[in-house]
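Residue-level listing of the chains:
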Amino acid sequence: MEFETFAPLTELPFVKHLFTLRGYAGIPPHAVSAEQTHGNEVAVVTTPGNVPRVDALATRQPGLPLLIRCADCAAVYIVDRRTPAIALIHSGKKGTELNITGNTVAAMRERFGTDPTACRALISPSIGPCHYEMDIWASIESQLQAAGIRDIQNLRICTACHLDRYYSYRAEKGHTGRMYALLALCRREICLKIEM
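Before going into details, it helps to say that this report is about the structure given with it. (Residues numbered from 1 in each chain as written. Predicted model: local features only at pLDDT ≥ 70, side-chain atom pairs only at ≥ 80, totals over all residues. Heavy atoms only, no water.)

A separate point is the pattern of salt bridges. Overall, the coordinates contain nine salt bridges when judged by the stated rule. Of the charged contacts in the structure, one is a salt bridge between Arg-82 and Asp-115, with a shortest N-O distance of 3.1 Å. Of the two residues, Arg-82 is situated in the loop between strand E8 (74–80) and strand E9 (85–91) and Asp-115 in the loop between helix H3 (100–112) and strand E10 (119–123); the sequence distance between them amounts to 33 residues. Judged by relative accessible area, which is 59%, Arg-82 ranks as exposed. Looking at Asp-115, the relative accessible area reads 28%, which means it is partly exposed. A salt bridge links Glu-133 to Lys-93; the shortest N-O distance between them is 3.8 Å. A residue pair is termed long-range when its members are at least 10 positions apart, and Glu-133 in the loop between E10 and helix H4 (136–146) and Lys-93 in helix H2 (residues 93–97) qualify at 40 residues. The structure contains a network of salt bridges with shared partners spanning Glu-11, Arg-81, Arg-120 and Asp-151. (Salt bridge = Lys/Arg side-chain N within 4 Å of Asp/Glu carboxyl O. Helix = DSSP H or I, 4+ residues; strand = E, 2+ residues; numbered from the N terminus. Buried < 20%, exposed > 50% of the residue type's maximum accessible area, 1.4 Å probe, protein only.)

As structure tokens, then:
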């Protein structure tokens, strides 16, 4: 298997998601990606392409996969089940310190009218406190809670502990690949047609 999915997101019928493993070769050509500058800027997107100077993407556009690259940094999936709307966040040490997650929830509230209590969030495999001086998992979870999200799925899977499955920038001293996190919103009639 070249990618994995997570049960808390799989059970939501109006989204598709995946998280690639080591050796995954392809990404959807119709996705939208972030430049990922380790900042706290968020882009609301409606078309494919690469968005400069941002670390988080949000959309209400069905059929548009959001894409984030990571190799120790966390990908944070957010699904607004009511609107519906989605966001995907790249949150490493700097982005977490700059509250990229809180900024993203704020952007969803402003642009989509998102109610945080209607959201589910999931923190992807990423480097854990067992291999890093900062507990990124706990910090992101605290930021999600402060933003009003209560349904938080924190997988607590450390990339550096599982080099058979994941890339780890720190454990492999910078000589490594990247995993891809993808998240797409879909209407029932087109959900099966989205290829990721």
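Read on for the rest.
This brings us to the packing of aromatic side chains. Following the criterion strictly, the structure yields three aromatic pairs and no others. Both rings, one in Phe-6 and one in Phe-19, keep their centres 6.0 Å apart while their planes meet at 45°; by these two values the pair is tilted. Note that Phe-6 is positioned in the loop between strand E1 (3–4) and helix H1 (7–10) and Phe-19 in strand E2 (residues 15–20), a separation of 13 residues in sequence. Accessibility assignment for this pair places Phe-6 and Phe-19 in one class, buried. Through successive ring pairs, a cluster of aromatic residues spans Phe-6, Phe-19, Tyr-77 and Tyr-166. (Phe/Tyr/Trp six-rings, centres within 6.5 Å; stacked < 30°, edge-to-face > 60°.)

Spatially, E1-E2-E12-E7-E3-E5 is the arrangement adopted by the six strands of the open sheet, whose pairing is mixed. Of all strands in the sheet, those with a lone pairing partner are E1 and strand E5 (49–51), marking the two edges. The sheet contact formed by E2 and strand E12 (residues 179–185) spans five bridges and is antiparallel. Each bridged residue has a counterpart across the sheet, and for Val-15 the counterpart in E12 is Leu-185. (Pairing = 2+ DSSP bridges.)

Below, the discussion takes up the layout of surface pockets. In this model, the largest pocket occupies a volume close to 430 Å³. Together, 17 residues line the largest pocket, and His-38, Ala-71, Asp-72, Cys-73 and Tyr-169 are the ones closest to its centre. Listed by contribution, the elements that provide at least two residues to the lining of the largest pocket are strand E7 (66–70) and H2. Here the lining of the largest pocket is built from residues that sort into seven nonpolar, four polar and six charged. (1 Å grid on protein atoms, 1.4 Å probe; cavity = no way out; pocket = protein on both sides within 12 Å on 5 of 7 lines; lining within 4 Å. Points joined across faces, edges and corners; volume = space filled by probe spheres on them. Nonpolar A, V, L, I, M, F, W, Y, C, P; charged D, E, K, R; others polar.)

Looking now at the sheet that holds E10. To summarise the sheet geometry, strands pair through backbone hydrogen bonds and adopt either a parallel or an antiparallel arrangement. Taking strand neighbours across the sheet as the criterion, the six strands line up as E4-E6-E9-E8-E10-E11 in an open arrangement whose pairing is mixed. Looking at the sheet topology across the chains shown, the edges are occupied by strand E4 (42–44) and strand E11 (151–154). Neighbouring strand axes in the sheet, compared pairwise and without regard to direction, differ in orientation by 15° on average. Sheet topology note: the E4/strand E6 (residues 56–59) ladder contains three bridges and is parallel. (Axes fitted to C-alpha atoms, helices over the stretch in contact; angles between N-to-C directions.)

Sheet analysis places E10 next to E11, joined by four bridges and oriented parallel. Bridge assignment links Arg-120 to a residue of E11, and that residue is Asp-151. Once the chain exits E10 it traverses H4 before rejoining the sheet at E11, and the crossover so formed is right-handed. (Right-handed = clockwise from strand over helix to strand, strands pointing away.)

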